[in-house]
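Fold and geometry: a report
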Amino acid sequence: MTTMKIALAQLNYHIGNFDANYTKIEKAILSAKSAGADIVLFSELAVCGYPPRDFLEFPDFINKCRDIIDRVVDLSEGIAVLIGSPSVNPVAEGKDLHNSAYFIYNKKIEKVIHKTLLPTYDVFDEYRYFEPNTVFECIEFKGKKIAVTICEDIWNVGNENPLYPISPMDELAKQAPHFILNLSASPFSYQQVEARKQILKANCARYKLPILYCNCVGAQTELIFDGGSMVFNASGELVTEMRYFDEDLHIVDMADLQAMAQGPKGMHKIERIHH
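Fair warning: this is a prediction, and the values are worked out from it, not measured in the lab. (Residues numbered from 1 in each chain as written. Predicted model: local features only at pLDDT ≥ 70, side-chain atom pairs only at ≥ 80, totals over all residues. Heavy atoms only, no water.)

**Thoughts on the nonpolar core**
Grouped together as the largest cluster of nonpolar side chains are 43 residues, with contacts concentrated most on I29, V40, F42 and I83. Elements that contribute at least two residues to this core include exactly strand 1 (5-10), helix 1 (18-34), helix 2 (59-75), strand 3 (80-88), strand 4 (97-105), strand 11 (223-226) and strand 14 (248-253). Among the elements that take part in this core, helix 2 stands out by supplying eight residues, more than any other. Setting aside residues no more than four positions away along its own chain, F42 makes contact with A9, L11, Y13, I25, A28, I29, V81, L82, I83, L183 and C214. The next biggest cluster of nonpolar side chains, apart from the first, holds 29 residues, and it includes A101, F141, I150 and L257. (Core = buried A, V, L, I, M, F, W, Y, C linked by side-chain atoms within 4.5 Å. Buried < 20%, exposed > 50% of the residue type's maximum accessible area, 1.4 Å probe, protein only. Helix = DSSP H or I, 4+ residues; strand = E, 2+ residues; numbered from the N terminus. Contact = heavy atoms within 4.5 Å.)

Below, the structure written as structure tokens:
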């Protein structure tokens, strides 16, 4: 069975502290590369921190985000990087920006995936700043099809009264992906950990796919981010749960994750790298 190793980089980003954020990102990429990872997965809007809010209205802020992406491109020789950043909407109509995930490999931006579901409830106000995605394409990498989702994109599943008229994974599932990667910035609340687990299980049940969910940690504005990034196999079993309220880096072997879902004798290998 062909293996693919994916690193989940759970980090503490500071809004607008681009140099410090890049230093953390660089360290994680180099650590993942030295551990033999094929892909390193970061969280939502990692390059600038979440939630950037009205900073998104300043062109210099967006230019600095792109500068970090360009620096990440230079680090991507031999490893794919999937990282969250604002991106400019080239279409005149609509909002000026997308909330995006850049897929970068071998010093080239291979694909940019945009967030579809933009929450405007509770502490969230994303539709104020971002244009929603309308094009659904999996990423093809080393013989695998990858469904990339950004935070809220997986939360419209398993509800009797869905908040949105579309579920992005329903569209991506038509392309027969092998697994789901999710970049998140999910704030802490005392009920949120269990809610996340139920949503991730619901996605596994609906699409029969493994899901790797990468959250961030730290405190931004009035919000606290608790980490707790998770991996579920296609059977909806929790395979690993990363540290809470602390930075962490894990390597997941997808071949072993698949074997685990096929029966009780399947073994999984989860490696922690001290970060």
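**Topic: the confidence of the model for the protein chain**
With 94% of its residues at a pLDDT of at least 70, the protein chain reaches an overall mean of 94. Per-residue pLDDT stays below 50 along residues 265-270; that stretch engages in 16 contacts with residues further than four places along the chain or on separate chains. (pLDDT = per-residue confidence, 0-100.)

**Comments concerning the environment of I211**
Counting through the fold element by element, I211 comes out in strand 9 (residues 211-214). A relative accessible area of 0% means that I211 is categorised as buried. When the C-alpha positions of I211 and F179 are compared, they lie 6.0 Å apart, and in sequence the two are 32 residues distant. Discounting residues that sit within four places of it in the chain, I211 has contacts with I154, I180, L200, N203, C204, M230, V231 and F232.

**Topic: the side chain of S43**
Turning to its location among the elements, S43 is positioned in the loop between strand 2 (39-41) and helix 2. Overall, S43 belongs to the buried group, its relative accessible area being 0%. Discounting residues that sit within four places of it in the chain, S43 has contacts with Y13, G84, L183, S184, C214, N215 and C216.

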